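Coordinate inspection notes
Take a look at the letters that make up each chain.
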Amino acid sequence: MARLLPYILLLTLVACSGVDPSEQEPDAPLAADPIQLAPSLTLEGRSSSSLTDVATTFSLWATKTASSGAVQAVMDGYSVEWSSASGWQYDGVSGQSLRYWDNTATAYTFTAVAPATTLASVSSDGQITITDITASENWLVARLERTRSPLSDTDILDSSSTLSAPSVLSATVGLPFHHLMAEIEFRVYNEYYEDVEVSYFWAKATTEAIATEATYVAPVNGEYFYLENFDEDSYDSYTDHLFSYDDPVIVTAHDPTTAVSIGEPIRVLPQPFGADNRLYIQVGYFLDGGNVTSDIITLQDGWQPNTHYTYIIAIRALNL
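Residues numbered from 1 in each chain as written. Predicted model: local features only at pLDDT ≥ 70, side-chain atom pairs only at ≥ 80, totals over all residues. Heavy atoms only, no water.

So, on to the overall build of the chain. Secondary structure assignment for the chain yields zero helices and 23 strands. Expressed as a percentage of its 320 residues, the buried residues of the chain come to 48%. Accessible surface, the chain as shown: approximately 14600 Å² in total, 48% of it carbon and sulfur. (Helix = DSSP H or I, 4+ residues; strand = E, 2+ residues; numbered from the N terminus. Buried < 20%, exposed > 50% of the residue type's maximum accessible area, 1.4 Å probe, protein only. Areas by Shrake-Rupley, 256 points an atom, 1.4 Å probe, with all protein chains shown as cover.)

And the structure:
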């Protein structure tokens, strides 16, 4: 549903006094070494993997902090592409040129959004706005800060992450990407003495609604995102479900520890719940030709970005 204009994702990504876009680095190299990306970029969180497993393009912004303390733009939404022959490259993409390290700079900050998009823009104070985003797209974000003294790389989006220090300021940049969306999965087991076949499975919100459009803000310290101004969809009919799966599944598991996964995990917008804003998910299924409803799952803690949630449902004889 779309009662409002598509939601806007706001990421406050630079905690500095401002970036002057007029102070772009000149094309002539300030040092002998071009800024290059690591040949393999990681995707952290729900499962660590290579970024190329999910995306082969991203948009990249970079700033440098001069010895005077001034923050200057280096890359302004550069398009980055991956190929098996050359890895991650921005040079030559859409007419872009190589940028070079300034060895007098005290720090660099790199921010990226995958996949590459023309819908993203960055303000002078470092706030990125991305419009027309839906949960159907697997959006990824990264923010890395490299300092000259001490020489180090920091994953701004995950304070628990420890990145290897670069050997020199001009070492390749290994951006650590993170899922923006949350992910949920349903598993079932049955309390019968024999196996059962579930012929159709669905999940819907019963009391509170699910956010389908929203504004996201990343605090200036960078750690993840909270949601505000969200628009909701109640999923309150049998034809409008949060999740549905219509391939028959033989449920042989008789214990929650061996519960069977129903369908593939689905992405959802991260959103807060709580005592005054709980979300109730009711799961139903067709079994032996009958329409069966499971217990209701009560969610109070909400869905956090880059997090996988598993809900285990019991099929009980008393429901028939």
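Here the narrative resumes.
Turning to the packing of aromatic side chains, a few remarks are in order. To describe a pair of aromatic rings, you give the distance between the ring centres and the angle between the ring planes. Per the stated rule, a full pass over the model turns up seven aromatic pairs. Ring geometry for Trp-101 versus Phe-110: centroids 5.9 Å apart, planes at 65°, classification edge-to-face. The class for Phe-110 is buried, based on a relative accessible area of 0%. Judged by centre distance (6.0 Å) and plane angle (10°), the ring pair of Tyr-108 and Phe-110 falls under stacked. Like Tyr-108, the residue Phe-110 is buried in the burial classification. Here a set of aromatic residues connected by ring pairs shows up, and it is made of Phe-58, Trp-88 and Phe-177. (Phe/Tyr/Trp six-rings, centres within 6.5 Å; stacked < 30°, edge-to-face > 60°.)

Time to look at the nonpolar core. Membership of the largest hydrophobic core comes to 29 residues, with the highest contact counts inside it found for Phe-58, Leu-60, Phe-110, Leu-175 and Phe-177. The set of elements that each furnish at least two residues to this core consists of strand S4 (57-65), strand S5 (71-83), strand S7 (107-114) and strand S10 (140-147). Here Leu-60 is in contact with Leu-37, Met-75, Asp-76, Gly-77, Tyr-78, Val-80, Phe-110, Thr-111, Ala-112 and Leu-175, once residues within four sequence places are set aside. Counting 23 residues, the second-largest nonpolar core is a separate cluster that includes Ile-184, Val-249, Ile-266 and Ile-297. (Core = buried A, V, L, I, M, F, W, Y, C linked by side-chain atoms within 4.5 Å. Contact = heavy atoms within 4.5 Å.)

This paragraph deals with unusual backbone geometry. With an omega of 0°, the peptide bond running from Ala-114 to Pro-115 counts as cis. One non-glycine residue with positive phi stands out, namely Ser-94, at about 55°. Tracing the backbone shows Ser-94 in the loop between strand S6 (87-89) and S7. Its relative accessible area of 65% is what places Ser-94 among the exposed residues. Positive phi outside glycine occurs at Asn-306, with the angle close to 60°. Tracing the backbone shows Asn-306 in the loop between strand S22 (290-299) and strand S23 (308-315).

Here the focus is the environment of Tyr-108. Structurally, Tyr-108 is set in strand S7. In this structure, the C-alpha to C-alpha distance between Tyr-108 and Leu-144, residues 36 residues apart in sequence, is 8.3 Å. Engagement of the side chain of Tyr-108 in a polar contact is seen with the backbone nitrogen of Asp-102, the distance being 2.8 Å. (Polar contact = N/O pair within 3.5 Å; in protein donor to acceptor, adjacent residues only side chain to side chain.)

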